[in-house]
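Single-letter residue listing:
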Amino acid sequence: MTTEVWYTSYGSNTHVDRLAHYLTGGTPPDGSRTYPGCRDPRLPSASVPVELEGALYFATESAVWTGGRAFYDPHAEGRVLARAHRITAGQFSDIAAQEMYRDPGPDTDLDLTDVLRDGTAVLGDGRYETLVSPGTLHGLPLLTFTAPWRMHDVEWNPPAAGYLRHLAAGLIATGAWDTDTVVAYLASRPGAAGHWTERLIRDLVAP
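Being a predicted model, the structure only gives us computed values, none of them experimental.

A. A look at the overall build of the protein chain. Secondary structure assignment for the protein chain yields six helices and eight strands. When the helices and strands of the protein chain are placed in sequence order, the string is β-α-β-β-β-β-α-α-β-β-β-α-α-α. Against the compact-globule benchmark of 17 Å for 207 residues, the protein chain has a radius of gyration of 16 Å, which places it among compact chains. Seen through its principal axes, the protein chain has C-alpha atoms that stretch 45 × 35 × 30 Å. Here the protein chain holds 207 residues, and 53% of them are scored as buried. Nonlocal contacts in the protein chain, meaning residues at least 24 apart in sequence, comprise 66% of its contacts between residues at least 6 apart.

The following block contains the structure:
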């Protein structure tokens with residue numbers, strides 16, 4: 001079993017400071033929830049930009065942000081801008097638990113056998129209980145989680161400003177995509193399109 005993975009974030013955890021609250025605990029800016037943190041609070045040993053096949057969309061209603069959450073449909077056409085954080089498999093399990101409003105512990109350790117073999121594994125019907133491994137990087141698996149449904153099977157919902165700010169800032173900080181590229185990408189995503197214009201998103205991340 002692998003001991004390290006690339007946790008591949010396509011939502012607000014593209015922002016390293018935001019991700020740190022999942023690892024070390026605490027309440028992030030613009031958030032309303034205090035996270036217990038991981039059993040292993042170490043920060044990622046590396047964070048790198050990646051592009052995934054598939055599509056990003058916003059749906060459901062976040063109790064933390066009061067807007068749509070980001071989801072990944074690996075079967076849709078398109079590309080997803082993301083950030084891969086090198087962490088331990090145990091930390092990945094603990095982040096997944098916190099995304100489902102559970103406290104990390106021995107009973108939340110994930111068995112990654114199926115997702116590493118098949119590319120996907122449905123662990124439950126929760127919004128982030130479907131694991132996806134879209135490939136490998138430097139010999140370690142890329143791993144993320146998303147919903148069990150497809151992009152067109154759910155009503156889209158625009159994200160809140162704070163959520164979108166963290167997502168955009170995290171992607172820009174990778175240095176792989178300039179502000180115009182990130183802004184255009186997010187403004188075109190289902191759920192954001194028609195509600196968040198490129199100008200509005202640019203204002204969110206303006207220095």
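B. Structural view of the packing of aromatic side chains. On inspection of all chains with the given rule, the structure shows 11 aromatic pairs. Here the aromatic rings of Tyr 22 and Tyr 35 are separated by 4.4 Å at their centres, their planes lie at 35°, and the arrangement is tilted. Here Tyr 35 lies in the loop between α1 (16–24) and β2 (47–53) and Tyr 22 lies in helix α1, a separation of 13 residues in the sequence. Here Tyr 22 matches Tyr 35 in class, with each residue buried. Here the aromatic rings of Trp 65 and Tyr 163 are separated by 5.5 Å at their centres, their planes lie at 65°, and the arrangement is edge-to-face. Of this pair, Trp 65 sits in the loop between β3 (55–59) and β4 (69–73) while Tyr 163 sits in helix α4 (residues 161–173); the two residues are 98 residues apart in sequence, bridging distant segments of the chain. This pair shows no difference in class: Trp 65 is buried, exactly as Tyr 163 is. Clustering of aromatic rings is evident, with ring pairs tying together Tyr 7, Tyr 57, Phe 71, Phe 92, Tyr 128, Phe 145 and Trp 149.

C. Just the side chain of Ser 9, in detail. Counting through the fold element by element, Ser 9 comes out in strand β1 (residues 4–9). Judged by its relative accessible area of 3%, Ser 9 falls in the buried class. One polar contact links the side chain of Ser 9 to the main-chain amide nitrogen of Gly 11, over a distance of 3.5 Å. From its side chain, Ser 9 meets the backbone nitrogen of Asn 13 in a polar contact 3.5 Å long. Not counting residues within four places of it along the chain, the set of residues in contact with Ser 9 comprises Thr 14, Ala 82, Arg 83 and His 85.

D. How the structure looks around the environment of Gly 124. Position of Gly 124 among the secondary structure elements: in the loop between β6 (120–122) and β7 (130–137). In this structure Gly 124 comes out as partly exposed when scored by relative accessible area, which is 21%. Between the C-alpha atom of Gly 124 and that of Ala 147, which follows or precedes it by 23 residues, the distance is 9.3 Å. Not counting residues up to four positions away in its chain, the partners in contact with Gly 124 are Glu 129 and Pro 148.

E. Just the nonpolar core, in detail. Counting 61 residues, the largest nonpolar core has Phe 92, Ile 95 and Leu 186 as the members making the most contacts within it. With sequence-adjacent residues up to four places away left out, Phe 92 is seen in contact with Val 5, Tyr 7, Ile 87, Leu 110, Leu 112, Leu 131, Leu 143, Thr 144 and Phe 145.

F. Quick look at the sheet that holds β7. As summarised here, the arrangement of the six strands in space is β2-β5-β1-β8-β7-β6, forming an open sheet in which the pairing is mixed. Only two strands of the sheet have a single partner each, and these edge strands are β2 and β6. Each adjacent strand pair in this sheet contributes to an overall mean axis angle of 35°, direction not counted. Helix α2 (residues 89–99) contacts β1, β5 (79–88), β7 and β8 (140–146) of the sheet and is inclined by roughly 120° relative to β5.

G. Focus on empty space enclosed by the protein. All chains considered together, the criterion is met by one cavity of 30 Å³ or more. There is about 240 Å³ of room inside the largest cavity. Lining the largest cavity we find 22 residues, and of these Ser 12, Tyr 22, Glu 99, Tyr 128 and Tyr 163 sit closest to its centre. Elements with a minimum of two residues in the lining of the largest cavity: β1, α1, β4 and β8. Of the residues forming the lining of the largest cavity, the biggest block, three residues, is contributed by β1. A per-class count over the lining of the largest cavity returns 11 nonpolar, seven polar and four charged.

Criteria and cut-off values
Residues numbered from 1 in each chain as written. Predicted model: local features only at pLDDT ≥ 70, side-chain atom pairs only at ≥ 80, totals over all residues. Heavy atoms only, no water. Helix = DSSP H or I, 4+ residues; strand = E, 2+ residues; numbered from the N terminus. Rg over C-alpha atoms; globule rule 2.2 N^0.38 Å. Buried < 20%, exposed > 50% of the residue type's maximum accessible area, 1.4 Å probe, protein only. Contact = heavy atoms within 4.5 Å. Phe/Tyr/Trp six-rings, centres within 6.5 Å; stacked < 30°, edge-to-face > 60°. Polar contact = N/O pair within 3.5 Å; in protein donor to acceptor, adjacent residues only side chain to side chain. Core = buried A, V, L, I, M, F, W, Y, C linked by side-chain atoms within 4.5 Å. Pairing = 2+ DSSP bridges. Axes fitted to C-alpha atoms, helices over the stretch in contact; angles between N-to-C directions. 1 Å grid on protein atoms, 1.4 Å probe; cavity = no way out; pocket = protein on both sides within 12 Å on 5 of 7 lines; lining within 4 Å. Points joined across faces, edges and corners; volume = space filled by probe spheres on them. Nonpolar A, V, L, I, M, F, W, Y, C, P; charged D, E, K, R; others polar.

Without other data, these values stay purely geometric and don't point to any function.
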